[in-house]
Amino acid sequence: MYTDYGGVALAKKQEYGNESIKSLKGADRVRKRPAVIFGSDGIEGCEHSIFEIMSNSIDEAREGYGKKIIITRYNDGSVEVQDFGRGIPVDYNKNEEKFNWELLFCELYAGGKYDNGKDNYEFSLGLNGLGLCATQYASEYMDAEVKTGGFKYTLHFEHGENIGGLTKEPYGKRGDTGTKIKWKPDLKVFTDINVPAEYFIETIKRQAIVNDGITFIFKNQLTATQFETTEFCYENGIKDYVAEIAGEDAFTTPQYWECERVGRDRDDLDDYKLKIKAALCFSLKRQLKEYYHNSSFLEHGGAPEKAFRSAFVSQINAYLKQNNKFNKNDSQINVQDVEECVIFVVSSFSTQTSYENQTKKAITNKFIQEAMTDFFRKQLEVYFIENKMDADKISNQVLINMRARIKAEIQEKLLEALSASLKGESVEWEPLSQEELSELYNLAQIHQILPLVYEAVYKSQGVNPQVKAISMRAAMTQALSTRDFLQLVKKMNEAKLYPLVVKGIIARNLYPIPDERVSGDEDLLVTKELFPTYHQF
């Protein structure tokens, strides 16, 4: 039925009733809603679909089946991943009464990684039985070649549907096993399939870093017959990687820690196994934090990041206190002070993992966080005991970072308030801390604005006579003791006179004026009214 609106016929909305509810079936479960599985229907989702196929090959190699993985990027947007593992089981499955290729390529939540490390894979990137099937569903086409058990199997899919069933033929070449999958992401599913070579290089390098001794070969098609080949292999994994990042400039030597723990996330749940590897050193020129779990790069960290923050801040803070390194007015250190001089890489593996979602960018396991926190804290404590010279270098640098941060925060706080005051905004001037008072004094000395400060106070109405006396003495002598200055500033706190001071500071271009504000004659006029001797400075 149609309704006419000014000559335009519009379809009338159907009535919302029982027949309005629909369920997606088969390939449409992914093709119509790819972001549910891949996190996005854009280039990021397409990239993640590629990683899903790579993950299966990586799991095989990590278990010791094959030491080489080849990833090829073609000009038309298609991708090929080849491993030399045992080969995906694709033949008939008596228990399921189906062929395994139907389960793996055409059924969501089907796979061989549901036993939490008790059966096929001790540790695995793939957990949910989604990646291979979802990527097949989201492809324009997919071709699979599997060599296993003395046979070679081939499969072909188009737009999520199998074409021609399973082809099986004898293959007697001993030792030649593995899986090769080539597919092209579908532009009807993803808005962009032109995954750049840089994504492959970055991703493949990360996998080489956390999968010791496995060789990753990336082939990037340049022309119809020419490919550019890049090879990655880290024999000692993250240990070699941290040494590579640190170079010769680090002020401590790289350290490597490793342990295994068993625990559970809740009392009524089963125990599971956790392996932790960590490599670190401290440097002024390079800073880095990277976390991986079951070789998946944790862009958002989760449990490992929380463990780092807790363990490193508390342990370095404890060392500073034990060795009386804090000054009387020092603030406590925070994680930013540590981050500014550390290179820290963690690669962990567990037989049970709680990822935030299918994209696997953060883990949330309570046991993993607690185990890492305890492990990092104890290892750092032992490292400091056994390497006193390194401990002093690290703690001293963290202190320097903390003091620089406090100074920057104070300057930023003062500048924000000053800028707001200049624009005529109402500013709440809270009493300054001891650190802020000291920093204001330093700024005043460095920029030679003491006379401006004193004159601003002297010209103000309702100021304590004692403050006026100090101001007059300062104006005449062009100098003032630190003690008198601090007393003066405290009185300024009470009288909320900072707007007067900041206008003088900004008028002398000692701090930048915000871009949105254009300096005009009215500002200069205000400045002259506040500071009659402004032209002398």
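Thresholds, definitions, all that
- Residues numbered from 1 in each chain as written.
- Predicted model: local features only at pLDDT ≥ 70, side-chain atom pairs only at ≥ 80, totals over all residues.
- Heavy atoms only, no water.
- Phe/Tyr/Trp six-rings, centres within 6.5 Å; stacked < 30°, edge-to-face > 60°.
- Helix = DSSP H or I, 4+ residues; strand = E, 2+ residues; numbered from the N terminus.
- Buried < 20%, exposed > 50% of the residue type's maximum accessible area, 1.4 Å probe, protein only.
- 1 Å grid on protein atoms, 1.4 Å probe; cavity = no way out; pocket = protein on both sides within 12 Å on 5 of 7 lines; lining within 4 Å.
- Points joined across faces, edges and corners; volume = space filled by probe spheres on them.
- Nonpolar A, V, L, I, M, F, W, Y, C, P; charged D, E, K, R; others polar.
- Pairing = 2+ DSSP bridges.
- pLDDT = per-residue confidence, 0-100.
- Contact = heavy atoms within 4.5 Å.
- Axes fitted to C-alpha atoms, helices over the stretch in contact; angles between N-to-C directions.
- Parallel < 35°, antiparallel > 145°, perpendicular 65-115°, else oblique.
- Left-handed = near helix turned anticlockwise from the far one by under 90°.

## Side note on the packing of aromatic side chains
And step 1. For the coordinates displayed, the defined rule picks out 21 aromatic pairs.
And step 2. Aromatic side chains phenylalanine 344 and phenylalanine 376 sit 5.3 Å apart centroid to centroid with 85° between the ring planes, which places their arrangement in the edge-to-face category. Of this pair, phenylalanine 344 sits in strand β19 (residues 342-350) while phenylalanine 376 sits in helix α10 (residues 366-386), and the two are 32 residues apart along the sequence.
And step 3. Accessibility expressed as a relative area gives 0% for phenylalanine 376, which makes it buried.

## Focus: empty space enclosed by the protein
And step 1. Inspection of every chain in the model, using the stated rule, returns three cavities of 30 Å³ or more.
And step 2. Of the voids in this model, the second largest cavity is the one considered here, and its volume is about 70 Å³.
And step 3. Forming the walls of the second largest cavity are Gln82, Asp83, Phe84, Glu145, Val146, Lys147, Asp176, Thr177, Gly178, Thr179 and Lys180.
And step 4. Here the residues of the lining of the second largest cavity are counted per class, giving two nonpolar, four polar and five charged.

## Section: the pairing of strand β3 (residues 68-73)
And step 1. In terms of burial, β3 is largely enclosed, as five of its six residues are buried.
And step 2. Direction of pairing for β3 relative to strand β12 (residues 215-221): parallel, over a ladder of six bridges. From the neighbouring strand, lysine 68 faces β12, where its bridge partner is threonine 215.
And step 3. Of the strand pairs in this sheet, β3 and strand β4 (residues 79-83) are connected by five bridges, and their pairing is antiparallel.

## Considerations on the confidence of the model for the protein chain
And step 1. Per-chain confidence: the protein chain averages 80 in pLDDT, with 70% of residues scoring 70 or above.
And step 2. The low-confidence segment residues 454-463, where pLDDT is below 50, has 27 contacts with residues more than four positions distant or belonging to other chains.
And step 3. In this model residues 502-537 is a low-confidence stretch, pLDDT under 50, and it forms 57 contacts with partners more than four residues away in sequence or in other chains.

## Considerations on the sheet that holds strand β17 (residues 296-297)
And step 1. Spatially, the five strands line up as an open sheet ordered β14-β15-β19-β16-β17, and their pairing is mixed. With partners counted over all chains shown, the strands left at the sheet margins are β14 (255-263) and β17, one partner each.
And step 2. One ladder, built from nine bridges, connects strand β15 (residues 272-282) with β19; its direction is antiparallel. Within β19, the position partnered with cysteine 281 by the bridge is isoleucine 343.
And step 3. Sitting on the sheet, helix α7 (residues 238-246) is in contact with β14, β15, β16 (288-293) and β19, with an inclination near 20° to β15.

## Some thoughts on the packing of helix α3 (residues 43-62) against helix α6 (residues 197-210)
And step 1. Between α3 and α6, the least distance of the axes is 12 Å, while the angle of their chain directions is 30°. Taken together, the axis directions place α3 and α6 in an arrangement best described as roughly parallel. Regarding α3 and α6, the two cross each other, and that crossing is right-handed. Two secondary-structure elements touch here, α3 through Glu47, His48, Ile50, Phe51, Met54 and Ile58 and α6 through Tyr199, Phe200, Thr203, Ile204 and Gln207.

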